[in-house]
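For reference, the chains in residue letters:
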Amino acid sequence: MKCLISLLILACTSAPVLAQVSSLVHKEEKRRYIVYTPAAYDQAPQQAFPVVFNFHGGGMSMAEQMLYTQMNKAAERHRYIVVYPQGIKQDWNVGFGMDYLAGTDDVGFTQAILSKLKQNYRIDDKRVYATGLSRGGFFALRLAAELPQQFAAVASVGAPMPEPVLQHHKQKEKVGVLLMQGTADKVVLFEGKTASYLSAEDTFAYWRRHNGIDGDAPQPRRMPGPAGDATQVSWQEQGSGAGGASVALFTVKDGGHTWPGADAFNIGLPIGKTTYAIDANEVMWEFFSKHRR
């Protein structure tokens with residue numbers, strides 16, 4: 001397995017030495033994660049760098065998430081560290097399909113990674129962010145709810161707000177939240193699923209209320225895609241003033257359960273269309289860079 005991960009890392013970057021598999025023991029279990037540092041990290045030895053946690057979807061691995069999202073390239077352009085954690089049995093505890101409190105302690109695992117990063121890397125702890133696809137996106141929203149003191153903003157792809165997170169959400173701190181969801185997603189439904197997760201629009205409304213953003217949702221703004229793109233993206237964003245925590249929703253009309261801008265990753269799976277009207281990594285970084293703890 002370790003050899004497979006190494007081969008995937010080699011395939012994902014022209015400078016494989018910059019991506020390293022690390023591990024730690026949490027709750028008596030050895031757990032792994034990949035840390036990617038941009039070339040600028042060694043070139044600027046006095047500088048502290050932002051960190052983005054990128055959580056894989058259910059059934060995927062950390063290396064597959066790195067390969068699919070290609071976030072290392074964005075990390076090079078924008079000078080940040082990317083961390084790809086590995087879920088136990090390729091899953092994350094978001095409260096459905098697993099007990100929210102008694103299931104896998106993935107929140108604690110994330111905190112343990114962050115503590116180790118602070119020991120081993122020069123990280124800017126005011127600029128720590130999280131994103132993820134599908135189950136990883138649900139989990140990024142759990143982190144927004146439970147660890148707003150540590151995460152300045154999160155971005156969820158193909159995953160609105162899990163209802164168990166709503167039931168346990170007690171924190172009052174504001175956090176930036178970006179949502180990307182396809183209207184034709186058949187894996188995680190845009191309109192939500194009873195007892196599992198809210199709709200994309202209700203998730204947008206929930207985080208606006210949580211962040212103290214008043215008023216009706218802004219009118220969507222369309223973002224034209226390249227010629228031949230069968231999808232259409234509309235964008236809504238609201239903030240609570242200068243320095244406040246913004247909330248944004250990117251709706252991909254006719255889009256599937258995919259990472260916007262990524263190479264097709266269907267492999268025969270019915271996950272739908274990928275939009276090329278936006279690059280998820282670029283959109284996320286633009287959003288993240290406006291938020292600090």
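Quick caveat: nothing in here was measured; it's all calculated off a predicted structure.

Engineer: Any chance you could break down the overall build of the chain for me, citing the residues and the numbers?
Structural biologist: Across its full length, the chain holds 9 helices and 10 strands. In terms of C-alpha radius of gyration, the chain reaches 18 Å, essentially the compact-globule figure of 19 Å for 293 residues. The principal-axis extents of the C-alpha atoms in the chain amount to approximately 45 × 45 × 40 Å. Considering the chain as a whole, with its 293 residues, one finds that 57% of them fall into the buried category. Accessible surface for the chain amounts to roughly 12,800 Å². Of this, 51% is attributable to carbon and sulfur atoms. Charged side chains in the chain number 30 positive and 27 negative. The centres of these two groups are separated by 3 Å.

Engineer: Now, about unusual backbone geometry: what can you tell me, with residues and values included?
Structural biologist: At Lys27, a position not held by glycine, the phi torsion is positive, near 55°. Mapped onto the secondary structure, Lys27 falls in the loop between strand E1 (19–26) and strand E2 (29–36). Although it is not a glycine, Glu28 sits at a positive phi angle of roughly 65°. Among the residues examined, Glu28 registers a relative accessible area of 82% and is labelled exposed.

Engineer: Which residues make up the side chain of Ser156, and what values do they have?
Structural biologist: Inspection of the secondary structure puts Ser156 in strand E6 (residues 153–157). Accessibility expressed as a relative area gives 1% for Ser156, which makes it buried. One polar contact links the side chain of Ser156 to the main-chain carbonyl oxygen of Gly137, over a distance of 3.3 Å. When sequence neighbours within four positions are dropped, the list of residues in contact with Ser156 reads Gly132, Gly137, Phe138, Leu141, Leu178, Leu179 and Met180.

Engineer: Quick rundown of the packing of aromatic side chains? Include the residues and the values.
Structural biologist: Evaluated as defined, the whole model comprises 15 aromatic pairs. Here the aromatic rings of Phe53 and Phe55 are separated by 6.1 Å at their centres, their planes lie at 15°, and the arrangement is stacked. Neither Phe53 nor Phe55 differs from the other in exposure class; each is buried. An angle of 85° between the planes, with centres 5.1 Å apart, marks the rings of Phe55 and Trp92 as edge-to-face. Remark: Trp92 occurs in the loop between strand E4 (81–85) and helix H5 (106–120) and Phe55 occurs in strand E3 (residues 49–55); sequence separation between them is 37 residues. Given the relative accessible area of 0%, Trp92 is considered buried. The structure contains a cluster of three or more aromatic residues connected by ring pairs, namely Phe53, Phe55, Trp92, Phe139 and Phe151. Its guanidinium or amino end placed over the ring of Tyr100, Arg142 lies 3.5 Å from that ring's centre, counting from NZ or CZ.

Engineer: Pulling in residues and values, what's your account of the packing of H5 against helix H6 (residues 135–146)?
Structural biologist: Put simply, H5 and H6 touch, their axes get as near as 11 Å, and they point 75° apart. Classified by the angle between their axes, H5 and H6 sit roughly perpendicular to one another. Each of Asp106, Val107 and Thr110 in H5 lies in contact with H6, whose residues at this interface are Phe139, Arg142, Leu143 and Glu146. Of the residues contributing to the contact of H5 with H6, the split by class is 3 nonpolar, 1 polar and 3 charged.

Engineer: Explain the confidence of the model for the chain to me, using residue names and the numbers behind them.
Structural biologist: Per-chain confidence: the chain averages 91 in pLDDT, with 91% of residues scoring 70 or above. Note that residues 1–16 has pLDDT below 50 and, in this model, 19 contacts with residues that lie over four places away or in other chains.

Engineer: Can you lay out the pairing of E3 for me, pointing to particular residues and giving the numbers?
Structural biologist: Extensive coverage of E3 is indicated by the burial of 7 of its 7 residues. Across 6 bridges, the pairing between E3 and strand E5 (residues 123–133) is parallel. When the sheet's bridge partners are listed, Phe55 is paired in E5 with Gly132. Pairing geometry for E3 and E4, over 3 bridges, is parallel.

Engineer: Requested: an account of helix H3 (residues 62–69), with residues and values cited.
Structural biologist: Each full turn of the α-helix corresponds to 3.6 residues, which orients residues three or four apart in the same direction. Counted residue by residue, H3 has 6 buried out of 8 residues, so it is predominantly covered. Regarding H3, the residues found buried are Met62, Ala63, Gln65, Met66, Tyr68 and Thr69. Of the residues trailing H3, Gln70 is marked for its positive phi of about 55°.

Engineer: Break down helix H8 (residues 200–210) for me, citing the residues and quoting the values.
Structural biologist: In terms of burial, H8 is largely enclosed, as 8 of its 11 residues are buried. For H8, the set of buried residues is Ala200, Thr203, Phe204, Ala205, Tyr206, Trp207, Arg208 and His210. The elements touched by buried residues of H8 are H6, helix H7 (163–168), strand E7 (176–182), strand E9 (232–238) and strand E10 (247–253). Once H8 ends, the next one or two residues include Gly212, with phi positive near 70°.

Quick notes on the rules
- Residues numbered from 1 in each chain as written.
- Predicted model: local features only at pLDDT ≥ 70, side-chain atom pairs only at ≥ 80, totals over all residues.
- Heavy atoms only, no water.
- Helix = DSSP H or I, 4+ residues; strand = E, 2+ residues; numbered from the N terminus.
- Rg over C-alpha atoms; globule rule 2.2 N^0.38 Å.
- Buried < 20%, exposed > 50% of the residue type's maximum accessible area, 1.4 Å probe, protein only.
- Areas by Shrake-Rupley, 256 points an atom, 1.4 Å probe, with all protein chains shown as cover.
- Lys, Arg positive; Asp, Glu negative; His and termini not counted.
- Charge placed at Lys NZ, Arg CZ, Asp CG, Glu CD.
- Polar contact = N/O pair within 3.5 Å; in protein donor to acceptor, adjacent residues only side chain to side chain.
- Contact = heavy atoms within 4.5 Å.
- Phe/Tyr/Trp six-rings, centres within 6.5 Å; stacked < 30°, edge-to-face > 60°.
- Lys NZ or Arg CZ within 6 Å of the ring centre and 35° of its normal.
- Axes fitted to C-alpha atoms, helices over the stretch in contact; angles between N-to-C directions.
- Parallel < 35°, antiparallel > 145°, perpendicular 65-115°, else oblique.
- Nonpolar A, V, L, I, M, F, W, Y, C, P; charged D, E, K, R; others polar.
- pLDDT = per-residue confidence, 0-100.
- Pairing = 2+ DSSP bridges.

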